[in-house]
Amino acid sequence: MMIERPRRLRRTETLRRLVRETELSVNDLVYPLFVAEGKTQPISSMPGQSRWSLNDLAEPIAQVTGAGLPAVLLFGIPDKKDEVGSGAYAENGIVQQAIRKIKAQAPDLVVIGDVCLCEYTSHGHCGLLNEAGEVLNDETLELLARTAVSQAQAGADIVAPSDMMDGRVAALREALDDVGLTQTAIMSYAAKYASGFYGPFREAAESTPAFGDRRGYQMDPANAREALREVRLDLEEGADIIMIKPALPYLDIISRVRELCDVPVAAYNVSGEFAMVKAAAEKGWLEEPRVVMEILTAIKRAGADIIITYHALDAAQWVTE
Ligand code: PBG
């Protein structure tokens, strides 16, 4: 009997290269950076990553441009936090200053600002609270819009709302257009799950909620159809890029969203996904470059056009090797 022999095309590396379906490129990768007041400090739960002071920021930016990465995503950690997160939309806020610095050093680098209040609020929630400690939706939108406008005015090419309030994409679009910032793109964290994988990030950004959790606004990990609804709404409101977050436990969502829409799809390979690989590699239990390339290729294979990852600088090296 004639049997099918798929192994014929796996016989040599050159044959495998010829039939490879998915190839990771530096052009797919975005490097997240934390900018903080005070001195540069390493983040212990994210080996190799730091909270950069404005004075030292030139160093990672030179690495990013040297590696040929197209974009960075910025998070700010302010000196002082308050109930209304005023550091997020201050004209001279930490992120606004960082954006201006980066644009002066590397005008062609795409700068994406994370738009959220949680790093800036004393209670650590992503929006304004009422007396019962509930996160207010529509009252928060105005502050998010101010944040986005201030980042765009500082020079951000893309603003990326990560708060999961309803209607924020429309609110941001309207506010940006109102001041003539029609060319600033919106990358919406459309399907952002209430995930345990954000743990190391919250240590880095000191943004762990002081009480309660984020399940009242971030999505239930058990839901897939709801993600499609979130994506549809964000597209109707004018999102230019749709993001899924986290990435690895949500490859099914990435794949379904890819089929649903024709805008670029981004996936965020988050801090906890990064920390797991780093910890296992440190113990000698996993081979880091191989596992990282497998993970990032899998995220792309699932349908992501853009991958936001703390491995970006390393992976940029490994894709060209
Ligand atoms: C919120 C925000 C978070 C992350 C990105 N933006 C944390 C959260 O929702 O608690 C997580 C990123 C990561 O874990 O790498 N501004």
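Residues numbered from 1 in each chain as written. Predicted model: local features only at pLDDT ≥ 70, side-chain atom pairs only at ≥ 80, totals over all residues. Heavy atoms only, no water.

Peer 1: How should the overall build of the protein be read in this particular structure?
Peer 2: Of the regular secondary structure elements, the protein holds eleven helices and ten strands. Computed over its C-alpha atoms, the radius of gyration of the protein comes to 20 Å, within 12% of the 20 Å expected for a compact globule of 321 residues. Taken across its 321 residues, the protein has 54% of its residues classed as buried. In the protein, the proportion of contacts linking residues at least 24 apart, taken out of those at least 6 apart, comes to 75%. Working note: accessible area of the protein is about 15100 Å², and carbon and sulfur atoms make up 48% of it. (Helix = DSSP H or I, 4+ residues; strand = E, 2+ residues; numbered from the N terminus. Rg over C-alpha atoms; globule rule 2.2 N^0.38 Å. Buried < 20%, exposed > 50% of the residue type's maximum accessible area, 1.4 Å probe, protein only. Contact = heavy atoms within 4.5 Å. Areas by Shrake-Rupley, 256 points an atom, 1.4 Å probe, with all protein chains shown as cover.)

Peer 1: Before we go on, may I ask you to explain a positive patch on the surface in this structure?
Peer 2: Positive charge collects at one region of the surface, where Arg 5, Arg 7, Arg 8 and Arg 10 lie side by side. Position of Arg 7 relative to the elements: it lies in the segment before α1 (13-19). Arg 7 gets classed as exposed once you look at its relative accessible area, which sits at 68%. (Patch = residues over 30% accessible without salt bridge, like charges linked within 9 Å, V, L, I, M, F, W, Y side chains within 5 Å. Salt bridge = Lys/Arg side-chain N within 4 Å of Asp/Glu carboxyl O. Lys, Arg positive; Asp, Glu negative; His and termini not counted. Charge placed at Lys NZ, Arg CZ, Asp CG, Glu CD.)

Peer 1: Looking at this structure, I do not really get the pairing of strand β9 (residues 265-269). What am I missing?
Peer 2: On a regular strand, one side chain projects to one face of the sheet and the next to the other, so that they alternate. With five of its five residues buried, β9 lies for the most part within the structure. Burial along β9 is two-sided: Val 265, Ala 267 and Asn 269 and Ala 266 and Tyr 268, pointing in opposite directions, are all buried. Direction of pairing for strand β8 (residues 241-245) relative to β9: parallel, over a ladder of three bridges. Of the residues in β9, the one forming a bridge with Ile 244 is Ala 267. Pairing geometry for β9 and strand β10 (residues 306-309), over four bridges, is parallel. Across the sheet, Tyr 268 pairs through a bridge with Ile 308, a residue of β10. (Pairing = 2+ DSSP bridges.)

Peer 1: Would you mind going over the side chain of Glu 119 with me for this structure?
Peer 2: Within the secondary structure, Glu 119 is located in the loop between β5 (110-115) and α4 (138-154). Here Glu 119 is buried and forms no salt bridge, its nearest opposite-charge partner Arg 214 lying at an N-O distance of 7.1 Å. Once you skip the residues sitting within four places of it in the chain, Glu 119 turns out to touch Phe 75, Gly 76, Pro 78, Lys 81, Asp 114, Ala 205 and Ser 207.

Peer 1: Which parts of the structure should I look at to understand the packing of aromatic side chains?
Peer 2: Aromatic ring pairs are reported here in terms of the distance separating the ring centres and the angle at which the planes meet. What the rule picks out here adds up to eight aromatic pairs. A ring pair is formed by Tyr 189 and Tyr 268, whose centres lie 6.3 Å apart and whose planes are at 40°; its orientation type is tilted. Taken together, the residues span a long stretch of sequence, with Tyr 189 in strand β7 (residues 185-192) and Tyr 268 in strand β9 at a distance of 79 residues. Classification of Tyr 189 as buried rests on a relative accessible area of 0%. With relative accessibility at 1%, the residue Tyr 268 sits in the buried group. An aromatic cluster of three or more residues is present, and its members are Phe 34, Phe 75, Tyr 189, Phe 201, Tyr 268, Phe 274 and Tyr 310. (Phe/Tyr/Trp six-rings, centres within 6.5 Å; stacked < 30°, edge-to-face > 60°.)

Peer 1: Explain empty space enclosed by the protein to me, please; I cannot follow it from the model alone.
Peer 2: Which parts of space are left empty comes out when a probe the size of a water molecule is rolled across the atoms. As enumerated under the stated definition, the model contains one cavity of 30 Å³ or more in all. The calculated volume of the largest cavity comes to roughly 140 Å³. If you go around the largest cavity, you meet 18 residues; those closest to its centre are Phe 75, Lys 192, Tyr 198, Phe 201 and Lys 245. Where the lining of the largest cavity is concerned, the elements lending two or more residues are β7 and α6 (199-205). (1 Å grid on protein atoms, 1.4 Å probe; cavity = no way out; pocket = protein on both sides within 12 Å on 5 of 7 lines; lining within 4 Å. Points joined across faces, edges and corners; volume = space filled by probe spheres on them.)

Peer 1: What am I meant to see in unusual backbone geometry here?
Peer 2: Working note: non-glycine residues mostly have negative phi, and peptide bonds are mostly trans. Note the cis peptide between Lys 245 and Pro 246, where omega equals -10°. Inspection of the secondary structure assignment puts Pro 246 in the loop between β8 and α8 (251-260). Its identity is not glycine, yet Glu 206 carries a phi of approximately 50°, on the positive side. Among the secondary structure elements, Glu 206 is positioned in the loop between α6 and α7 (225-237).

Peer 1: Would you take a moment to explain the pattern of salt bridges for this structure?
Peer 2: Where side chains of opposite charge bring their charged atoms close, a pairing between them can arise. What the rule picks out here adds up to 13 salt bridges. Close ionic contact of Glu 13 with Arg 16 constitutes a salt bridge, the shortest N to O distance being 3.3 Å. Placement of both Glu 13 and Arg 16 in helix α1 is noted, with a separation of three residues, approximately one turn of the helix. Exposure remark for Glu 13: the relative accessible area of 41% places this residue in the partly exposed category. Note that Glu 206 and Arg 51 form a salt bridge whose closest N and O atoms lie 3.2 Å from each other.

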